Amino acid sequence: MNEPLKTRREREKQARYEAILDAAELVFSEKGYERTSMDDIARTASLSRALLYVYFKDKAAIQRGIMLRAGQSLVERFENALSTADTGLAQIRAMGDAYYRFYREAPDYFSALTKASTAMAEAEEDQALDMLCSKNELMQLMEAAIHKGLEDGTMSRERIASPAQTALYLRGALHGVIMLCQAEAGENPDFPADNLIHHTMDMLTRSIAS
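Along each chain, residues carry numbers from 1 onward, in the same order as the chain's sequence is written. The predicted origin of the model limits local features to residues at a pLDDT of at least 70 and limits the giving and counting of side-chain atom pairs to 80 or more, whereas totals for whole chains, interfaces and linings rest on all residues. Hydrogens are left out, water is left out, and the side-chain values use all remaining heavy atoms of the structure.

S.K.: Just to check I follow, could you spell out the environment of Thr-44 for this structure?
M.R.: Note on conventions: DSSP H or I runs of at least 4 residues are helices, E runs of at least 2 residues are strands, and numbering of each starts at the N terminus. Note that Thr-44 resides in helix α2 (residues 38-44). Sequence separation between Thr-44 and Ile-20 is 24 residues; the distance between their C-alpha atoms is 8.3 Å. Those residues in contact with Thr-44 that lie beyond four places of it in its chain are Ala-23, Leu-26 and Val-27. Only heavy atoms matter for contacts: two residues are in contact if any of them lie within 4.5 Å across the pair.

S.K.: Would you mind showing me how to read the layout of surface pockets here?
M.R.: Any space left empty among the atoms is revealed by the rolling of a water-sized probe across them. Here a cavity denotes a set of grid points, spaced 1 Å apart and computed over the protein atoms alone, in which a 1.4 Å probe fits but from which it cannot get out, and a pocket denotes an open set meeting protein on both sides within 12 Å along at least five of seven lines; residues with an atom within 4 Å of a point are reported as lining. Grid points are joined across faces, edges and corners, and a volume is the space filled by probe spheres set on the points. As a volume, the largest pocket reaches approximately 410 Å³. Looking at the lining of the largest pocket, the elements that each hand over two or more residues are α1 (8-31), α4 (59-83), α6 (107-114) and α7 (116-120). Note that Gly is not counted as nonpolar here; it falls among the polar residues with everything else outside the nonpolar set of Ala, Val, Leu, Ile, Met, Phe, Trp, Tyr, Cys and Pro and the charged set of Asp, Glu, Lys and Arg. Among the residues making up the lining of the largest pocket, the classes are represented as eight nonpolar, five polar and five charged.

S.K.: Any chance you could explain the nonpolar core here in plain terms?
M.R.: For soluble globular proteins, the rule of thumb is that nonpolar side chains tend to be buried together. Nine residue types can take part in a nonpolar core, namely buried Ala, Val, Leu, Ile, Met, Phe, Trp, Tyr and Cys, and a core is a set of them joined through side-chain atoms within 4.5 Å. Each residue gets one of three labels from its accessible area relative to the maximum for its type: buried under 20%, exposed over 50%, partly exposed in between, using a 1.4 Å probe on protein chains only. Grouped together as the largest cluster of nonpolar side chains are 65 residues, with contacts concentrated most on Ile-62, Phe-78, Ile-92 and Met-95. Per element, the largest residue contribution to this core is eleven residues, and it comes from α4. For Met-95, the residues in contact, after removing those within four places along its chain, are Phe-78, Ala-81, Leu-82, Leu-141, Met-142 and Ala-145.

Structure follows, in structure tokens:
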């Protein structure tokens with residue numbers, strides 16, 4: 001049975017929610033998070049301040065909404081990466097490439113996700129659950145590729161005791177090197193970030209290959 005269509009009221013509410021996040025992304029990008037006020041966001045979204053507070057209790061809640069968007073954007077990139085490769089090892093490599101492109105092409109979203117774990121602790125229950133589900137979805141996609149790699153023989157059963165731990169290791173290692181590249185590039189524009197990232201992904205994939 002098909003899911004019932006949203007009522008007009010629900011659609012309007014969702015559209016307004018998205019418009020607020022669109023406005024917040026724009027103002028945060030222009031003024032920075034700390035310098036942005038709720039009034040700035042309401043004005044940019046063409047809403048009253050009172051109506052803005054109906055949707056979000058404060059600026060931090062809006063930022064967490066953007067973090068959710070960022071997480072879903074990365075999930076979609078990972079799903080696309082999975083569809084481009086046939087073996088588990090190739091899928092993991094494709095997701096690594098997708099994660100680096102996410103950093104390069106959507107730096108604001110990448111930055112938002114970097115702060116998501118801390119922000120989750122301050123979120124209300126529903127929003128915290130949504131953020132946790134998004135994080136889990138990312139890890140499940142990575143774990144699925146690792147399980148596939150173990151089944152198709154492209155990954156080593158001797159080196160991978162736990163697909164879940166291996167997924168955390170791979171993502172954490174690549175994220176750490178990306179953060180290093182970000183810091184180094186800030187001091188030296190000629191820093192060979194692309195080369196280091198590709199070398200890192202070569203090393204990571206070799207560490208789990210059969």
